[in-house]
Every structure is written in C-alpha cells, then in structure tokens.
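Okay, here's what each chain looks like letter by letter:
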Amino acid sequence: MTAFLWRIVILMAAALLAEILAFVGMAMVAMRAARRAEEIKEQMKGRQQGRRGIYREVVEPVQTASQVVRGLKLALWLFRKVA
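Cut-offs applied
Residues numbered from 1 in each chain as written. Predicted model: local features only at pLDDT ≥ 70, side-chain atom pairs only at ≥ 80, totals over all residues. Heavy atoms only, no water. Patch = residues over 30% accessible without salt bridge, like charges linked within 9 Å, V, L, I, M, F, W, Y side chains within 5 Å. Areas by Shrake-Rupley, 256 points an atom, 1.4 Å probe, with all protein chains shown as cover. Salt bridge = Lys/Arg side-chain N within 4 Å of Asp/Glu carboxyl O. Helix = DSSP H or I, 4+ residues; strand = E, 2+ residues; numbered from the N terminus. Buried < 20%, exposed > 50% of the residue type's maximum accessible area, 1.4 Å probe, protein only.

Caption draft 1: Broad picture of a nonpolar patch on the surface. On the surface, M1, F4, L5, I8 and M12 cluster together into a nonpolar patch covering about 560 Å² of accessible area. Tracing the sequence through the fold places M1 in the segment before α1 (2-46). The exposure class of M1 is exposed, given its relative accessible area of 78%.

Caption draft 2: Quick look at the pattern of salt bridges. In this structure the tally under the stated criterion is three salt bridges. Its salt-bridge partner being R80, residue E19 comes within 3.0 Å of it at the nearest N-O pair. Of this pair, E19 sits in helix α1 while R80 sits in helix α2 (residues 51-82), placing them 61 residues apart in sequence. Its salt-bridge partner being K41, residue E38 comes within 3.7 Å of it at the nearest N-O pair. Placement of the pair is E38 and K41 together in helix α1, with a separation of three residues, close to one helical turn.

Below is the structure:
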C-alpha cells in the first residue's frame, strides 16, 4: 500500500513540475512577444508600411505564439490525465 502511495506522490510531483515548466514557457513567450511589439512600434514610428508588411511583422508572430501556448496547454492536459 505504501508503494502505491509513493508512486502517486511521485507522479503528482512530476505533474507539478511539468505545470511549472509550462508556466515558465508561457512567461518566456509573453516576454518575447512584448519585446517584439516594442521593436515593431519603434519601426512603425519611422516609416509607413503596406498592410502585408504589418501582417507579416505583427500577426504571424502572434499566431506562432498562440500555437506554442496551445501546445503547452495540451501537454498540461495530458500530464493531468496521466497523473
């Protein structure tokens, strides 16, 4: 019985560690997106661009970041189902 409980404790600790790592990953993505937004804002002050240039510089990185966050959420969901 105690071995079973130790397995549960170890699995829960692993799930908690995975969740912490996922939140750190999301924070890194958010910081990178904020830094990129500042760069784009500075570039926009200096020049005018067409719609496609703005789309390429703003929307595509945001879509990529949302895909990363979606993957992290899926990983967390899987770890919770396993644990």
